[in-house]
Amino acid sequence: MELFRIIAGTVLIVLGLFIFGVATLGLFRFRYVLNRVHVAAKCDSLAVMLICFGLMFFSASIGTILKLLLVIILVWLANPVANHLICKVEVETNEHLEDECEVEGRP
Amino acid sequence: MDMESIILIIAMMFLSVTILFCLVRAIKGPRMTDRLVAVNMISIKGIVLILLLGEYLHDNQFLDISLVYTLLSFLAVICLARNMLAKSDRGRGKENTNGTV
Amino acid sequence: MPVLLFALWLAFHERVTLDVIIVGVIAVALVSLFMYRFSGWSTKKDAQMVARIPAALVYVCRLVFEVCKANIHMIALVLSDDPNAKIQPKIVAHKTNVKTQGKRVALANSITLTPGTVTVDVMGDVVFVHAIDEHANAGLSDNPLEKMLENMERNA
């Protein structure tokens, strides 16, 4: 039982770290901001969830688990909003948006 | 040293290295929004780093710190973005200078 | 709502002792008084929220599934040979039937978390979406999460 707990936690944490690594790689491989935001928005949310679940396996007390859940909820609410606002800033401020992507209706 | 601590230390080292690469992107980024994306990612990695550190030291106070840090980093990114929006509106001579989104 | 606030208070304290409960009851009473008086909450809204919990749980499960799918898509894209050649980024105006303000926020966040799309702006009932390739663009028109939100609205 103890062994299973540690293995499950380790697998989840390593998966989360792998996704963080891919997200960092994506920041360098894509050429334009709006494509980078895709990587940042999706990978961060899932990685935070996986690592928090992994830490839940490591820690035993119910209070810790509740707080980790609260961290997940806050990050899942905050991260899309922050990335959405970054996109909005980019679309509003870039004068040469049409060079990078097709625009079908502009806000 | 038991199994858990080794895993947590390796995880923290890996996260620190990825934070370093994010910092490179934040310094290099050709546009301001590139930097903003990188900073947002750094703060989320910082949250996870604090969580891992708290688990490694068996200290529950770190959980509260990371909760507060989540909200603060969100607020910082929102403030920077709205500031830039308001600035760009003023540059183009629009009416809307109070930065409403 | 007071029950939720009290649960949050206990979660912050991690232990249940007499002084924590006494201070918690006082604090929760003050905060809920403020919310009911000035912030537009009412017991009717609370009842509506409780009735919506099962549908919201199903929605969250579906959302987690979609996020996993989005991540697999993203990882495959980043690790492929030349990610810049494989994408045709495009900004699309997407009209939605979701009416309530809160549900539109949920829809915008879900669009950001589903495969290949990021919300750029919401104006009235039009959502401006940045889609990363044609496939994501096609998936936007029959989004299962949007259908679930519409169903929840109709049943409310």
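Each chain has its residues counted from 1, following the order in which its sequence is written. Whichever chain is written first becomes A and whichever ligand is written first becomes 1, with later ones labelled in order. In keeping with the model being predicted, local features are shown solely for residues with a pLDDT of at least 70 and side-chain atom pairs are shown and tallied solely at 80 or more, while totals for entire chains, interfaces and linings include all residues. Processing note: side-chain calculations cover all non-hydrogen atoms of the structure and skip hydrogens and water entirely.

**Observations concerning the overall build of chain C**
Note on conventions: DSSP H or I runs of at least 4 residues are helices, E runs of at least 2 residues are strands, and numbering of each starts at the N terminus. A count of helices and strands for chain C gives 7 helices and 3 strands. Seen in sequence order, chain C has helices and strands lined up from the N terminus as α-α-α-α-β-α-β-β-α-α. Against the compact-globule benchmark of 15 Å for 156 residues, chain C has a radius of gyration of 21 Å, which places it well outside the compact range. The dimensions of chain C, computed from C-alpha atoms along their principal axes, are 65 × 35 × 25 Å. Looking at the 156 residues of chain C, the share that counts as buried comes to 40%. The method behind every accessible area is Shrake-Rupley, applied with a 1.4 Å probe, and residues are considered shielded solely by the protein chains displayed. Surface summary for chain C: the accessible area is close to 8700 Å², and the carbon and sulfur share equals 69%. Counted charges follow a simple rule, with Lys and Arg positive, Asp and Glu negative, and His plus the chain ends left uncounted. All charge positions are set by atom: Lys at NZ, Arg at CZ, Asp at CG, Glu at CD. Averaging the locations of the 15 positively and 14 negatively charged side chains of chain C gives two centres separated by 10 Å. Taken over C-alpha atoms, the radius of gyration is set against a globule rule of 2.2 Å times the number of residues to the power 0.38. Three exposure classes are used, based on accessible area relative to the maximum for each residue type with a 1.4 Å probe and protein chains only: buried under 20%, partly exposed in between, and exposed over 50%.

**Side note on the pairing of strand S3 (residues 126-131) of chain C**
Residue and element names in this part refer to chain C. Within S3, 5 of the 6 residues are buried, which leaves the element mostly enclosed by the surrounding structure. Two strands are said to pair when DSSP picks up at least two bridges between them. One ladder, built from 6 bridges, connects strand S2 (residues 117-123) with S3; its direction is antiparallel. When the sheet's bridge partners are listed, Asp121 is paired in S3 with Phe128. What sits between S2 and S3 in their antiparallel hairpin is a turn of 2 residues, with Gly124 showing a positive phi close to 60°.

**Focus on the interface of chain C and chain A**
Only heavy atoms matter for contacts: two residues are in contact if any of them lie within 4.5 Å across the pair. If you look at the interface, chain C gives 41 residues, while chain A gives 41 residues. When the area that chain C buries against chain A is broken down by residue, the three leading residues are C:Val78, C:Ile91 and C:Val120, summing to 16%. Elements with a contribution of two residues or more to the side of chain C that touches chain A: helix H1 (2-13), helix H3 (43-79), helix H4 (83-86), strand S1 (90-95), helix H5 (101-113), S2 and S3 of chain C. A per-element tally of the side of chain C that touches chain A places H3(C) first, with 11 residues. Residue type decides the class: Asp, Glu, Lys and Arg count as charged, Ala, Val, Leu, Ile, Met, Phe, Trp, Tyr, Cys and Pro as nonpolar, and the leftover types, Gly among them, as polar. Split into classes, the residues belonging to the side of chain C that touches chain A amount to 26 nonpolar, 10 polar and 5 charged. Once two parts are brought into contact, the accessible area they lose, counted with a 1.4 Å probe and summed over both, makes up the buried area.

**Let's talk about the domain arrangement of chain C**
Boundaries between domains were set according to an automatic or database domain assignment. Assigned domains of chain C: these are domain 1 (2-38) and domain 2 (49-155). Domain 1 of chain C and domain 2 of chain C are separated by 35 Å when their C-alpha centres are compared.

**Some points on the confidence of the model for chain C**
The quantity known as pLDDT measures the predictor's confidence residue by residue, on a range of 0 to 100. Per-residue confidence for chain C averages 79 on the pLDDT scale, and 92% of its residues sit at or above 70. When pLDDT is averaged over each helix and strand of chain C, the minimum, 66, is found for helix H6 (residues 134-141) of chain C and the maximum, 85, for helix H2 (residues 18-38) of chain C.

**Observations regarding the interface of chain B and chain A**
Each partner contributes residues to the interface: chain B has 47 residues there, and chain A has 43 residues. Both faces considered, chain B and chain A share a buried interface measuring about 4100 Å² in area, 77% of it formed by carbon and sulfur atoms. Together, B:Arg25, B:Val37 and B:Met41 form the three largest contributors to the area buried by chain B at its contact with chain A, with a combined 14%. Should a side-chain nitrogen of Lys or Arg be within 4 Å of a carboxyl oxygen of Asp or Glu, the pair is scored as a salt bridge. If you look at where chain B meets chain A, you find 4 salt bridges. Under the rule applied, a polar contact is a pair of N or O atoms within 3.5 Å (in protein, one hydrogen donor and one hydrogen acceptor; residues adjacent in sequence only if both atoms are side-chain atoms). At the junction of chain B and chain A, the tally comes to 7 residue pairs in polar contact (both at pLDDT 80 or more). Taken together, the elements giving at least two residues each to the side of chain B that touches chain A come down to helix H1 (3-28), helix H2 (32-57) and helix H3 (61-91) of chain B. Here the element with the most residues in the side of chain B that touches chain A is H3(B); it accounts for 15 residues. Residues belonging to the side of chain B that touches chain A are distributed by class as follows: 28 nonpolar, 7 polar and 12 charged.

**Thoughts on H5(C)**
An ideal rise of 1.5 Å per residue puts 18 Å on 13 residues; H5(C) measures up with 19 Å between its terminal C-alpha atoms. For H5(C), the full list of buried residues reads C:Lys103, C:Arg104, C:Leu107, C:Ala108, C:Asn109, C:Ser110, C:Ile111, C:Thr112 and C:Leu113. Under the convention used throughout, the expected extent of a helix is 1.5 Å for every residue step, that is, one less than its residue count.

**With respect to a nonpolar patch on the surface**
Note on patches: the residues involved have over 30% relative accessible area and no salt bridge, like charges join within 9 Å, and the nonpolar side chains Val, Leu, Ile, Met, Phe, Trp and Tyr join within 5 Å. On the surface, a cluster of nonpolar side chains totalling about 650 Å² of accessible area is made up of A:Leu3, A:Ile7, A:Val11, A:Leu15, A:Phe18, A:Leu25 and C:Leu79. Take the nonpolar patch: its biggest share by element is 6 residues, from helix H1 (residues 2-29) of chain A. With a relative accessible area of 47%, C:Leu79 lands in the partly exposed category.

**Concerning the pattern of salt bridges**
Evaluation of the coordinates by the stated rule reveals 7 salt bridges over all chains. The salt bridge involving B:Asp64 is made with A:Lys67; its shortest N-O contact spans 2.6 Å. Here B:Asp64, found in helix H3, pairs with A:Lys67, found in helix H3 (residues 62-93), and the two come from separate chains. When its relative accessible area of 26% is taken as the criterion, B:Asp64 is described as partly exposed. What makes A:Lys67 buried here is its relative accessible area of 2%. Look at the salt bridges and you will find they share partners, linking A:Glu2, A:Arg5 and B:Glu4 into a network.

**Details of the environment of C:Val105**
Topologically, C:Val105 is positioned in helix H5. Each C-alpha atom, one on C:Val105 and one on C:Val122, is 8.8 Å from the other, the two residues being 17 residues apart in sequence.

**Some remarks on the side chain of B:Thr33**
Looking at the element boundaries, B:Thr33 is found in helix H2. Judged by its relative accessible area of 2%, B:Thr33 is buried. With residues near it in sequence (within four places) discarded, B:Thr33 still touches A:Val33, A:Ile86, A:Val89, A:Glu90 and B:Met84.

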